[in-house]
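Report on the structure
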There are 2 protein chains.
Amino acid sequence: MSIITIVGAGMMGSAMSIPAADNGHEVRIVGSPLDREIIDRVKQDGYHITLKRQLPSVIKYYQVEEIGEALENCDLLIGGVSSFGVEWFGEAVLPGIPKSLPVLSVTKGLQALPDGTLIAIPDYLAAKPGCDGLSLNAVGGPCISFELADRHDTVVAFCGHDMDDLVKIKNMLSTDYYHINLSDDVIGVETAVAMKNAYALGVSLAIGLAESKNGIGCKEEYNQQAGLFAQSTREMYRLLKIAGGKEEQILYGAGDLYVTVFGGRTRKIGTLLGRGLTFEQALDELRGVTLESVAITKVVIEALMKMEAAGKVDIRQFPLLMHIYDMITDKTTVNVPWKCFEE
Amino acid sequence: MSIITIVGAGMMGSAMSIPAADNGHEVRIVGSPLDREIIDRVKQDGYHITLKRQLPSVIKYYQVEEIGEALENCDLLIGGVSSFGVEWFGEAVLPGIPKSLPVLSVTKGLQALPDGTLIAIPDYLAAKPGCDGLSLNAVGGPCISFELADRHDTVVAFCGHDMDDLVKIKNMLSTDYYHINLSDDVIGVETAVAMKNAYALGVSLAIGLAESKNGIGCKEEYNQQAGLFAQSTREMYRLLKIAGGKEEQILYGAGDLYVTVFGGRTRKIGTLLGRGLTFEQALDELRGVTLESVAITKVVIEALMKMEAAGKVDIRQFPLLMHIYDMITDKTTVNVPWKCFEE
């Protein structure tokens, strides 16, 4: 048995406690500074207020100031923060851990260097002060946190640069419902899965387009959604090449896009924009919600613009992502550039 | 203005009449021997009984014995038969047409040569007696016939070996809602779109699996569906390579798979098998329905077996398609090989 410490008590980080606990490990969940309320409640009676599930009674909980205790003798650190918590995780948590402690991050996102080169979160973290030499790995692939918590069959990929570490982490977390691929193509897997947030917004536009014609809550129509899904797959495939990943990782992009279209905030913002709302109006309806789809679109389009200025890419190869960017920077409302999809 | 003759009055063939008529062409629809009832009714009042739509009044209708008249002076022949009508189309229709008349086929499917080599429908037809020298082209990409008939934005690909012919056909059919990519990668586009029928059955298994746990008609769950979607994308990508297509055509496979999961017979059979029914029991519930998903799975697995015997492929790279094959040949009921998806 091992000791697994999860830092970040959001939905996905906390859901990872289920396969970990089912495998008999000691599991410790540490809240980030934003998770105080979640930890207060699970400490009381094990009920997770955002995951809306009772967690196994064997799990131990810690507020952020108790993190030292939570990390004692642990064998795996799971980073459970969203892309908005990644700076905190890389600056306040990682520099303090032993180099021998492998890290698995659930954070999805990409960062760009000043010249537009895209880098995956594990490599971005590795470059932070005090983080060199750490074994930084990440999870990609389609997974709704609720469903993992309910032990539904879930197929994911763990990626990292050291296959031995990946095998070790897989052995700790693999169960009869949690199915884990391994890959050392970090930028490939992470590019594919980070882009799904942007493109799920793109596919969801069709829901709002149908609603603006047939009324809110109308029956869904699929030719538009599928046309946007195909164009999303094309653009993700191209971006994989540009980022330096293997094109075969498109499977994670497609799978993750599929699952993201069906739920949550990204579908909601895409639907609102598809109805013809301005971005400002859409944000008003979603007050207080953080939007990874918006963040990743900005990072990637702005990186592509730099690469285009250097003569390295033709940004017209990304008409859908560009349209999303134009909407979220309030340059336009929805007007899907269908004819730009023709090649 | 041109004259466009559609042979095969099923749903997809007939839906193609909408962009054709909207562009002001003379449109003629000819029933196959199986479409007598459809043609009888549209001749009366223009109502298409399977598409469930009133067709534009300018369209002319012909029973199969009137096909000669329907083909007179026409500029484009659209083959509107399903894969089960392809022999009839290739033997009774194509040999009689002028070599200068371009053909666009909506039929999705693959055929295999005795050694297992996969060939696309246009190339299969070209090899039939009297068909050499014809310009045989095909449509792929996500399209529900109802929605095209209702003029929803629809993104497809026309593929063929002569780009000039493809441009000519696109000019006849392109509208502000029908968006047409062109490709000379016939085997690539056709492999991607033919496989979607098989894999939509695979993804739909998850619907039945959830139902067998939570009751028929239960809320859908997505981790399983998305895991199967990702594995489908992986296997389609591999098959593209094996068939000799360009891997980038995966976009049509993914888009077409997305749209097929949401509707019709393939979702139904997948759901029934996912509930644990034997194939025989599932067929009982679907009496009289032709199943392209079953046909394409048999063609491709049996071709892969031959290629494996010749040392050219490793069939274990297709665990999901193999499981579908085992179900439809009544060797097993559902038991998704999740662990075989881990690599």
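None of the values given here were measured: they were computed from a predicted structure.

In terms of helices and strands, chain A carries 15 helices and twelve strands. In summary, chain A has a C-alpha radius of gyration of 20 Å against a globular reference of 20 Å for 343 residues, a match within 12%. Projected onto the principal axes, the alpha-carbon positions of chain A cover approximately 60 × 45 × 35 Å. Looking at chain A as a whole, 58% of its 343 residues are labelled buried. Expressed as a percentage of contacts within chain A between residues at least 6 apart in sequence, the contacts between residues at least 24 apart total 71%.

Each of the two chain copies goes to the other by way of a rotation about an axis and a shift along it. In screw terms, the move from chain A to chain B is a rotation of 180° and a rise of 0.0 Å along the axis, fitting with an RMSD of 0.0 Å. Taken together, these values place the two copies in the relation of a two-fold axis. Distance from the rotation axis, computed per C-alpha, reaches its smallest value in chain A at A254(A): 3.5 Å. Interface residue correspondence from chain A to chain B reaches 100%, placing this contact among same-surface, isologous pairings.

The next thing to look at is the sheet that holds strand β10 (residues 136-140) of chain B. All names here are of chain B. Pairing in this open sheet of eight strands is mixed, and the strands run β5-β2-β1-β6-β7-β10-β11-β12 from one edge to the other. Whereas interior strands pair on both sides, the edge strands pair on one side only; in this sheet they are β5 (60-62) and β12 (178-183). The average angle at which neighbouring strand axes cross in this sheet is 25°, direction not considered. Of the pairings in the sheet, the one linking strand β6 (residues 76-79) to strand β7 (residues 103-105) comprises three bridges and is parallel in character. Within β7, the position partnered with L77 by the bridge is V103.

Pairing between the strands of a sheet comes from backbone hydrogen bonds, and it takes one of two forms, parallel or antiparallel. All names here are of chain A. The strand order β5-β2-β1-β6-β7-β10-β11-β12 describes an open sheet built from eight strands, whose pairing is mixed. If you trace the sheet from one side to the other, it starts and ends with β5 (60-62) and β12 (178-183), each paired once. With direction set aside, neighbouring strand axes in the sheet form an average angle of 25°.

Moving on to the nonpolar core. In this structure, F158(A), I250(A), L273(A), F158(B), I250(B) and L273(B) are the most contacted members of the largest nonpolar core, which totals 246 residues. If sequence neighbours within four positions are ignored, F158(B) has contacts with L104(B), N137(B), V139(B), L166(B), I169(B), K170(B), I180(B) and L182(B).

Next up on the list: the interface of chain A and chain B. Contacts between chain A and chain B engage 41 residues on the former and 41 residues on the latter. Take the side of chain A that touches chain B: its biggest share by element is ten residues, from helix α10 (residues 223-243) of chain A. Looking at the side of chain A that touches chain B residue by residue, the class counts come to 20 nonpolar, twelve polar and nine charged.

Moving on, we come to the domain arrangement of chain A. Residue and element names in this part refer to chain A. Split into domains, chain A comes out as domain 1 (3-184) and domain 2 (187-341). For domain 1 versus domain 2, the separation of C-alpha centres amounts to 26 Å. Contacts between domain 1 and domain 2 engage 21 residues on the former and 26 residues on the latter. Elements that contribute at least two residues to the side of domain 1 that touches domain 2 include exactly β8 (110-112), β9 (118-120), β10 (136-140) and β11 (154-159). Broken down by element, the side of domain 1 that touches domain 2 gets its largest block of residues, three residues, from β8. Residues that form the side of domain 1 that touches domain 2 fall into these classes: eleven nonpolar, eight polar and two charged.

Residue and element names in this part refer to chain A. Most of strand β1 (residues 3-7) is tucked away: four of the five residues are buried. Relative to strand β2 (residues 26-30), β1 is paired through five bridges, and the arrangement is parallel. By the bridge assignment, I6 is partnered in β2 with I29. The pairing of β1 with strand β6 (residues 76-79) spans four bridges and is parallel. Bridge pairing links T5 to L77 in β6.

Structurally, I242(A) is set in helix α10. Taking the C-alpha atoms as reference, I242(A) lies 8.0 Å from V313(A); in sequence the two are 71 residues apart.

Residues and elements named next belong to chain A. Listed in full, the buried residues belonging to helix α8 (residues 163-173) are L166, I169 and L173. Mapping the buried residues of α8 onto a view down its axis gives an arc of 65°, with all of them on the same face. Of the residues in α8, the exposed ones pointing more than 90 degrees away from the buried face are D164, V167 and N171. Buried residues belonging to α8 abut α2 (17-22), β6, β7 (103-105), β10, β11 and β12.

With that settled, the discussion passes to the pairing of β12(B). All names here are of chain B. Of all six residues that make up β12, five are buried, and the element is covered over most of its length. Sheet topology note: the strand β11 (residues 154-159)/β12 ladder contains six bridges and is parallel. The residue of β12 that forms the bridge with F158 is L182. Read from β11 through helix α8 (residues 163-173) to β12, the crossover connection turns out right-handed.

Attention now goes to unusual backbone geometry. All names here are of chain A. Within the chain, R151 stands out as a residue other than glycine whose phi angle is a positive 65°. If you trace the backbone, R151 turns up in the loop between α7 (145-149) and β11. Since 15 C-beta atoms lie within 10 Å of it, R151 is described here as partly exposed.

Here D150(A) lies in the loop between α7 and β11. Each C-alpha atom, one on D150(A) and one on I296(A), is 29 Å from the other, the two residues being 146 residues apart in sequence.

Before going further, it helps to spend a moment on α10(A). Residue and element names in this part refer to chain A. Compared with an ideal rise of 1.5 Å per residue, which puts 21 residues at 30 Å, α10 spans 30 Å between its outermost C-alpha atoms and is within 8% of the ideal. Counting buried residues along α10, 18 of its 21 residues qualify, which places the element largely inside the surrounding structure. Backbone geometry just after α10 places G244 at a positive phi near 95°.

What follows deals with the confidence of the model for chain A. For chain A, per-residue confidence averages 95 on the pLDDT scale, and residues scoring 70 or more make up 100% of the total. Across the assembled chains, the prediction reports ipTM 0.95 with pTM 0.95.

Below, the discussion takes up the environment of D40(A). With respect to the helices, strands and loops of the structure, D40(A) is situated in helix α3 (residues 36-45). With 221 residues separating them along the chain, D40(A) and V261(A) place their C-alpha atoms 32 Å apart.

Reading the values: the criteria
Residues numbered from 1 in each chain as written. Chains lettered and ligands numbered in written order. Predicted model: local features only at pLDDT ≥ 70, side-chain atom pairs only at ≥ 80, totals over all residues. Helix = DSSP H or I, 4+ residues; strand = E, 2+ residues; numbered from the N terminus. Rg over C-alpha atoms; globule rule 2.2 N^0.38 Å. Buried ≥ 20, exposed ≤ 12 C-beta atoms within 10 Å, placed from the backbone. Contact = placed C-beta atoms within 7 Å. Least-squares fit on C-alpha atoms with pLDDT ≥ 70 in both. Pairing = 2+ DSSP bridges. Axes fitted to C-alpha atoms, helices over the stretch in contact; angles between N-to-C directions. Core = buried A, V, L, I, M, F, W, Y, C linked by C-beta atoms within 7 Å. Nonpolar A, V, L, I, M, F, W, Y, C, P; charged D, E, K, R; others polar. Domains from an automatic or database assignment. Arc of directions from axis to C-beta. Right-handed = clockwise from strand over helix to strand, strands pointing away. Expected span 1.5 Å × (residues − 1). pLDDT = per-residue confidence, 0-100.

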